[in-house]
Amino acid sequence: MQEDEITAYLASHPEFFERNASLLADVHLPSPHGGGTISLAERQQLAQRDKISALKDRHTKLVLNAQENDKINDKMHAFFILLQQAKSFNALDQLVRHHLAENFNIADICLRIWAHPLNSTDTENLVFGNVSQAVQAWVSNINNAYCGETPTSIDTDGWFVAPAKSVAVLPLKGKAIYGYLALSSEEKGRFYVDMGTDFLQKLGDHISAALSRHVVE
């Protein structure tokens, strides 16, 4: 009798083990964890325990991810309220470049706007420094957020104090795209191509709306 015939027979006759229950204890197989042999029944129990353990680990990871997402949501909510409360452009600039970095573990932030400020005194702010046409065009082609390595197709000198291992670039949108917010990370995998960008998109939308009140588009 061939092995597949035995397998087919046992599959179609589950009562075989009811009639021959002693086989479950008499048949011994190598232990999957090493250390000799164990009975067929013990082998099945181990397999079930391993499966349950794997499910528990997966559940724990899901719970931890959910808790981390809740923390991020709470931080985002608090940050968005602060954006609404900021009365001046300089207050918004400080909030974005400092509060955002401290509370979201961002190594460095570059905020640049090529639209003109409503208040002429804000012109001296580095945020309104010259942005090349090439960078403007590149940012304007970003759909929602760019994530990955520092882009090499444009000049990013001056964006960050130290070289970034990974970056996220968010276009600032009003009636048209009028600037960008670049986030730097010391971790290569923090921002990567094809990552989920829901949080980043919300961040970009709220910051865009807050800053747009202080520029002429």
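Here, every reference points to the structure presented above.
I will try to describe carefully the structure that is included in this document.

Reading the values: rules and limits
- Residues numbered from 1 in each chain as written.
- Predicted model: local features only at pLDDT ≥ 70, side-chain atom pairs only at ≥ 80, totals over all residues.
- Heavy atoms only, no water.
- Pairing = 2+ DSSP bridges.
- Helix = DSSP H or I, 4+ residues; strand = E, 2+ residues; numbered from the N terminus.
- Axes fitted to C-alpha atoms, helices over the stretch in contact; angles between N-to-C directions.
- Contact = heavy atoms within 4.5 Å.
- Phe/Tyr/Trp six-rings, centres within 6.5 Å; stacked < 30°, edge-to-face > 60°.
- Buried < 20%, exposed > 50% of the residue type's maximum accessible area, 1.4 Å probe, protein only.
- Parallel < 35°, antiparallel > 145°, perpendicular 65-115°, else oblique.
- Nonpolar A, V, L, I, M, F, W, Y, C, P; charged D, E, K, R; others polar.
- Arc of directions from axis to C-beta.

**What about the sheet that holds strand β7 (residues 177-185)?**
- The strand order across the open sheet built from four strands is β3-β7-β6-β5, with neighbouring strands paired in antiparallel fashion. Each edge of the open sheet carries a strand with a single partner, namely β3 (108-113) and β5 (146-148). Within this sheet the neighbouring strands show an average axis-to-axis angle of 10°, counted without direction.
- Two strands pair when backbone bridges link them, and β3 and β7 are joined in this way by six bridges, in the antiparallel orientation. Across the sheet, the residue bridging to Arg112 is Tyr180, located in β7.
- Where helix α5 (residues 89-103) meets the sheet, its contacts fall on β3 and β7, and the angle it forms with β3 comes to roughly 150°.
- Helix-sheet contacts for helix α7 (residues 198-212) involve β3, β5, β6 (166-173) and β7, and the interaxial angle to β6 is about 45°.

**Some words on the packing of aromatic side chains**
- Applying the stated criterion across every chain, the model contains six aromatic pairs.
- An angle of 90° between the planes, with centres 6.1 Å apart, marks the rings of Trp159 and Phe160 as edge-to-face. Phe160 matches Trp159 in its accessibility class, with the two residues each being buried.
- Members of the aromatic cluster, joined through ring pairs, are Phe79, Phe80 and Phe104.

**Considering the packing of α5 against α7**
- Two numbers describe how α5 lies on α7: the axes approach to 10 Å, and their chain directions differ by 160°. By the angle between their axes, α5 is roughly antiparallel relative to α7. Residues Phe89, Leu92, Val96 and Leu100 of α5 touch α7, and the partners they reach there are Leu203, Ile207, Ala210 and Leu211.
- Here the residues of the contact of α5 with α7 are counted per class, giving eight nonpolar, no polar and no charged.

**A word on helix α6 (residues 133-140)**
- What α6 keeps buried is the set Val135, Gln136, Trp138 and Val139. Burial along α6 is one-sided: seen end-on, the buried residues are contained in an arc of 165°.
- Of the surrounding secondary structure, the elements contacted by the buried residues of α6 are β5, β6 and β7.

Bear in mind that shape data such as this cannot, by itself, settle questions of function.
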